[in-house]
Amino acid sequence: MKYTIVNIVASANLNATIDLYNLAITIPNVEYEPEQFPGAILKLKEPKVSMLLFKNGKVICSGANSEAQIPLAIYKASKMIHEIQKNVKVQKNAEYTVVNLVTTANLKMTLDLFKTAMESDNVEYEPEQFPGAILRIHDPKLTLLLFKNGKLICAGAKNETLLKKGLKKAAEMIRAINSPEKSAKKAVKSKAK
């Protein structure tokens, strides 16, 4: 199944204490409201990502759509911070960990979400609350939002190998429940009764 990565979330560490208040008053694209959230938000234009910066030096990068953007974003953020706070080293080859891949895909079939939820223990569907069904896969641990038009959003994978394994597993299960052959066999059985 073809998929498109729409967001990669990664964590890293700048290995230094960061003065978030100082950053917020010095850099225009840093938002810091400690009474609402303990971290500062730095928005980069190129690559277009958001960086959550924490006092202890931890950084969370989100919004990247390719893994190559992550070290570049960490480098740019660390360089900006270093210009104001010399204790923060510029991260030329930053170590980071991908914590979540968010992707979109299309099963290219119409889904009966009610039937999918009824025939599977790991699908929740409450149409009055949300128009999609939620499918949870345990191995690998992924969450998928399924929509009637066959489109889906997948989150939770830490790498593309796990993502592909989970999407394959989900597609097989969903297609088995929603296949036209299965619906036709059920219709024939009910007519025979």
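Look up: the structure comes first, before these words.
Remember, it's a predicted structure, so these values are computed and weren't measured experimentally.

Parameters at a glance
- Numbering of residues begins from 1 in every chain and follows the order in which that chain's sequence is written.
- Totals for whole chains, interfaces and linings use all residues, but because this is a predicted model, local features are given only for residues with pLDDT of at least 70 and pairs of side-chain atoms are given and counted only at 80 or more.
- Side-chain metrics rest on all non-hydrogen atoms present in the structure, leaving aside hydrogens and water.
- Labels follow the DSSP assignment, with helices taken as runs of H or I lasting at least four residues and strands as runs of E lasting at least two, numbered in each case from the N terminus.
- The quantity called the radius of gyration is restricted to C-alpha atoms. Its globule counterpart is 2.2 Å times the number of residues to the power 0.38.
- Here's how the labels work: a residue is buried when its accessible area is under 20% of the maximum for its type, exposed when over 50%, partly exposed in between, all with a 1.4 Å probe on protein chains only.
- Only heavy atoms matter for contacts: two residues are in contact if any of them lie within 4.5 Å across the pair.
- Each accessible area is a Shrake-Rupley estimate made with a 1.4 Å probe; only the visible protein chains count as cover when residues are assessed.
- As used throughout, the charge tally considers Lys and Arg to be positive and Asp and Glu to be negative, leaving His and the chain termini uncounted.
- Where a charge sits is defined by one atom per residue type, namely NZ (Lys), CZ (Arg), CG (Asp) or CD (Glu).
- Grouping buried Ala, Val, Leu, Ile, Met, Phe, Trp, Tyr and Cys residues that are joined through side-chain atoms within 4.5 Å yields what is termed a nonpolar core.
- Side-chain atoms alone can form a polar contact between residues adjacent in sequence; in general such a contact is a pair of N or O atoms within 3.5 Å, and within protein one must be able to donate a hydrogen while the other accepts it.
- Here, strands pair whenever DSSP counts at least two bridges between them.
- Here an axis means a line fitted to C-alpha atoms, over the contact stretch when the element is a helix, while the angle between two N-to-C directions is reported on a 0 to 180 degree scale.
- Expected span, for any helix, means 1.5 Å times one less than how many residues it has.
- An arc is given here, and it is the one of the directions from the helix axis to the C-beta atoms.

**Things to note about the overall build of the protein**
Turning to step 1, where the next piece is worked out: Across its full length, the protein carries five helices and ten strands.
Turning to step 2, where the next piece is worked out: Expected size for 193 residues packed as a compact globule is a radius of gyration near 16 Å; at 22 Å, the protein overshoots this value by more than 25%.
Turning to step 3, where the next piece is worked out: With the C-alpha coordinates aligned to their principal axes, the bounding extent of the protein is approximately 80 × 35 × 25 Å.
Turning to step 4, where the next piece is worked out: Counting across all 193 residues of the protein, residues that qualify as buried make up 37%.
Turning to step 5, where the next piece is worked out: Taking the intrachain contacts of the protein between residues at least 6 apart in sequence as the baseline, contacts between residues at least 24 apart amount to 60%.
Turning to step 6, where the next piece is worked out: Just so you have it, the protein exposes about 11700 Å², and 55% of that area is on carbon and sulfur atoms.
Turning to step 7, where the next piece is worked out: Between the centroid of the 29 positive side chains of the protein and the centroid of its 18 negative side chains there is a distance of 6 Å.

**What about the nonpolar core?**
Turning to step 1, where the next piece is worked out: Met 51, Leu 53, Leu 144 and Leu 146 are the most contacted members of the largest nonpolar core, which has 50 residues in total.
Turning to step 2, where the next piece is worked out: Excluding residues within four positions of it along the chain, Leu 53 makes contact with Leu 20, Leu 23, Gly 39, Ala 40, Leu 42, Lys 58, Val 59 and Ile 81.

**Observations concerning the side chain of Asn 100**
Turning to step 1, where the next piece is worked out: By secondary structure assignment, the location of Asn 100 is in strand 6 (residues 96-106).
Turning to step 2, where the next piece is worked out: A polar contact of 2.6 Å, which involves the side chain of Asn 100, links it to the backbone nitrogen of Gly 156.

**With respect to the sheet that holds strand 9 (residues 141-146)**
Turning to step 1, where the next piece is worked out: Here we have ten strands laid out as an open sheet, ordered 2-3-4-5-1-6-10-9-8-7, and antiparallel in their pairing. The open sheet terminates on both sides in strands that have one partner only, identified here as strand 2 (30-32) and strand 7 (123-124).
Turning to step 2, where the next piece is worked out: Across five bridges, the pairing between strand 1 (residues 3-13) and strand 5 (residues 58-64) is antiparallel. Directly across from Ser 11, in strand 5, lies its bridge partner Ile 60.
Turning to step 3, where the next piece is worked out: Lying over the sheet, helix 4 (residues 160-178) contacts strand 1, strand 6, strand 7, strand 8 (133-138), strand 9 and strand 10 (151-157), oriented at roughly 50° with respect to strand 9.

**Regarding the environment of Asp 19**
Turning to step 1, where the next piece is worked out: Tracing the sequence through the fold places Asp 19 in the loop between strand 1 and helix 1 (20-26).
Turning to step 2, where the next piece is worked out: Residue classification places Asp 19 among the partly exposed positions, given a relative accessible area of 39%.
Turning to step 3, where the next piece is worked out: In sequence terms Asp 19 and Leu 111 are 92 residues apart; their C-alpha atoms lie 51 Å from each other.
Turning to step 4, where the next piece is worked out: From its side chain, Asp 19 meets the backbone nitrogen of Tyr 21 in a polar contact 3.3 Å long.

**Details of helix 4**
Because each turn of an α-helix spans 3.6 residues, side chains separated by three or four positions in sequence point in the same direction.
Turning to step 1, where the next piece is worked out: Taking 1.5 Å of rise per residue, the 19 residues of helix 4 would be expected to cover 27 Å, and the 26 Å separating its terminal C-alpha atoms lies within 8% of that figure.
Turning to step 2, where the next piece is worked out: Those residues of helix 4 that sit buried are Leu 163, Gly 166, Leu 167, Ala 170, Ala 171, Ile 174, Ile 177 and Asn 178. The buried residues of helix 4 occupy an angular sector of 135° when projected down its axis, which confines them to one face. Helix 4 presents Thr 161 and Lys 168 as exposed residues on the side facing more than 90 degrees away from its buried surface.
Turning to step 3, where the next piece is worked out: The opening residue of helix 4 is Asn 159, an N-cap whose side-chain oxygen sits 3.1 Å from the backbone nitrogen of Thr 161.

**What about the environment of Pro 28?**
Turning to step 1, where the next piece is worked out: Along the chain, Pro 28 turns up in the loop between helix 1 and strand 2.
Turning to step 2, where the next piece is worked out: Taking the relative accessible area as the measure of exposure, Pro 28 reaches 81% and is therefore exposed.

**Section: helix 2 (residues 69-84)**
Turning to step 1, where the next piece is worked out: The end-to-end C-alpha distance of helix 2 is 23 Å, a good match for the 22 Å that 16 residues give at a rise of 1.5 Å each.
Turning to step 2, where the next piece is worked out: Three or more residues of helix 2 are buried, namely Gln 69, Ile 70, Ala 73, Ile 74, Ala 77, Ser 78 and Ile 81. Buried residues of helix 2, seen end-on, are gathered within an arc of 155° and therefore sit on one face of the element.
Turning to step 3, where the next piece is worked out: Where helix 2 is buried, its residues meet strand 1, helix 1, strand 3 (40-44), strand 4 (49-53), strand 5 and strand 6.

Without other data, these values stay purely geometric and don't point to any function.
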